[in-house]
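Per-entry structural report
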Amino acid sequence: MTERETIEKALIDGLQEKGLYREPYKNQAEQYMTLYDTFVKLKNDIEDRGVFFTSHTGLQKKNDSVGLIIQITKQMYCLLDKMSLSADTQGKIRVGADL
C-alpha cells in the first residue's frame, strides 16, 4: 500500500469511526487528498531544485514551492480539524481534534 493509500484509508476509517463518512465530510477528505498530492509535488520540487535555484538567466531565485508548501500544510491541518481528525507525531490520522 502506498503512503497516499495509507493516508486516504486512515481518513476514511477515522470518519467512519466517528459516524461521519458522508457529505460534506467525504468531500473534505477528497479535498485533503488533493492537497496531499500538491504537497508531494511541492516537496519533490524543493528536493530537486532546493530552496534557492539558478534561473535560466543565471540569477539566484527563491523557490516559490517553499512558501506554497507552508500554505498547503496549513490548509491540510484546517481540513483535518473540520473533520474532527488530527495527525499524530508519526503522521497517522487520529480521531478527535487534539491539535
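The rules we used
Residues numbered from 1 in each chain as written. Predicted model: local features only at pLDDT ≥ 70, side-chain atom pairs only at ≥ 80, totals over all residues. Heavy atoms only, no water. Helix = DSSP H or I, 4+ residues; strand = E, 2+ residues; numbered from the N terminus. Contact = heavy atoms within 4.5 Å. Areas by Shrake-Rupley, 256 points an atom, 1.4 Å probe, with all protein chains shown as cover. Axes fitted to C-alpha atoms, helices over the stretch in contact; angles between N-to-C directions. Parallel < 35°, antiparallel > 145°, perpendicular 65-115°, else oblique. Left-handed = near helix turned anticlockwise from the far one by under 90°. Nonpolar A, V, L, I, M, F, W, Y, C, P; charged D, E, K, R; others polar. Expected span 1.5 Å × (residues − 1). Buried < 20%, exposed > 50% of the residue type's maximum accessible area, 1.4 Å probe, protein only. Arc of directions from axis to C-beta. Polar contact = N/O pair within 3.5 Å; in protein donor to acceptor, adjacent residues only side chain to side chain.

**Looking at the overall build of the protein chain**
Summing up its helical and strand segments, the protein chain has 3 helices and 4 strands in all. Along the protein chain, from the amino end to the carboxyl end, the secondary structure elements read α-α-β-β-α-β-β. Residue pairs at least 24 apart in sequence account for 47% of intrachain contacts in the protein chain once pairs closer than 6 positions are excluded. Total accessible area on the protein chain is roughly 6700 Å²; 51% of this is exposed by carbon and sulfur atoms.

**So, the packing of helix H1 (residues 3-17) against helix H2 (residues 25-49)**
Interaxial distance between H1 and H2 falls to 11 Å at its minimum, and their mutual angle equals 160°. Judged by the inter-axis angle, H1 sits roughly antiparallel to H2. Crossing geometry of H1 relative to H2 is assigned as right-handed. Of the residues in H2, those touching H1 at Glu3, Arg4, Ile7, Glu8, Leu11 and Leu15 are Tyr25, Ala29, Tyr32, Met33, Tyr36 and Asp37. Of the residues belonging to the contact of H1 with H2, the class tally is 8 nonpolar, no polar and 4 charged.

**Points about helix H3 (residues 64-82)**
With 19 residues, H3 extends 28 Å from end C-alpha to end C-alpha; this agrees with the ideal 27 Å at 1.5 Å per step. Those residues of H3 that sit buried are Ser65, Val66, Ile69, Ile72, Met76, Leu79 and Leu80. Considered in projection along H3, the buried side chains sweep an arc of 140° and stay on one side of the axis. Opposite the buried face of H3, at more than 90 degrees from it, the exposed residues are Asp64, Gln71 and Lys74. With a side-chain oxygen lying 2.9 Å from the backbone nitrogen of Ser65, the N-terminal cap of H3 falls on Asn63. Note on H3: the residue one or two positions beyond its end, Ser84, has a positive phi of about 55°.

**A short note on H2**
The end-to-end C-alpha distance of H2 is 36 Å, a good match for the 36 Å that 25 residues give at a rise of 1.5 Å each. Of all the residues in H2, the buried ones are Gln28, Ala29, Tyr32, Met33, Leu35, Tyr36, Leu42 and Asp45. Tucked into the core, H2 has its buried residues touching H1 and H3. Looking one or two residues beyond H2, the residue adopting positive phi is Gly50, at roughly 90°.

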